[in-house]
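Secondary and tertiary structure notes
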Amino acid sequence: MIKVGTCGFPTSMKKIFENLDCVEVQQTFYKLPNLETLKNWRFSAPKKFEFYFKVFQGITHDIK
């Protein structure tokens, strides 16, 4: 199966949710999002829409 998505939200979430299957959330590399933000995204998106999160930099890089 091929899923079509975008990296980040270059346009409105509504348009992305209506036209694509998934999104990669890049901001999680720098800062973990608030739980309420995540809940709002999940609530706003269609049930089959998928979110992929870039791993936090503290896991893959030395933080200075």
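Notes on the structure follow. (Residues numbered from 1 in each chain as written. Predicted model: local features only at pLDDT ≥ 70, side-chain atom pairs only at ≥ 80, totals over all residues. Heavy atoms only, no water.)

This model, assessed by the stated rule, comprises three salt bridges. The closest approach of N and O atoms between K14 and E18, which form a salt bridge, is 3.9 Å. One end of the pair is K14 and the other is E18, both in helix α1 (residues 13-19) and four residues apart, which spans about a single turn. For the pair K14 and E18, a shared accessibility class is recorded, and that class is exposed. The closest approach of N and O atoms between K39 and E36, which form a salt bridge, is 3.7 Å. Taken together, the residues span about one helical turn, with K39 and E36 both in helix α2 (residues 35-44) at a distance of three residues. Judged by relative accessible area, which is 45%, K39 ranks as partly exposed. (Salt bridge = Lys/Arg side-chain N within 4 Å of Asp/Glu carboxyl O. Helix = DSSP H or I, 4+ residues; strand = E, 2+ residues; numbered from the N terminus. Buried < 20%, exposed > 50% of the residue type's maximum accessible area, 1.4 Å probe, protein only.)

Relative to the elements of secondary structure, P10 occurs in the loop between β1 (5-7) and α1. With 24 residues separating them along the chain, P10 and N34 place their C-alpha atoms 20 Å apart.

So, to be careful, I would describe these as geometric facts and stop short of saying anything about function.
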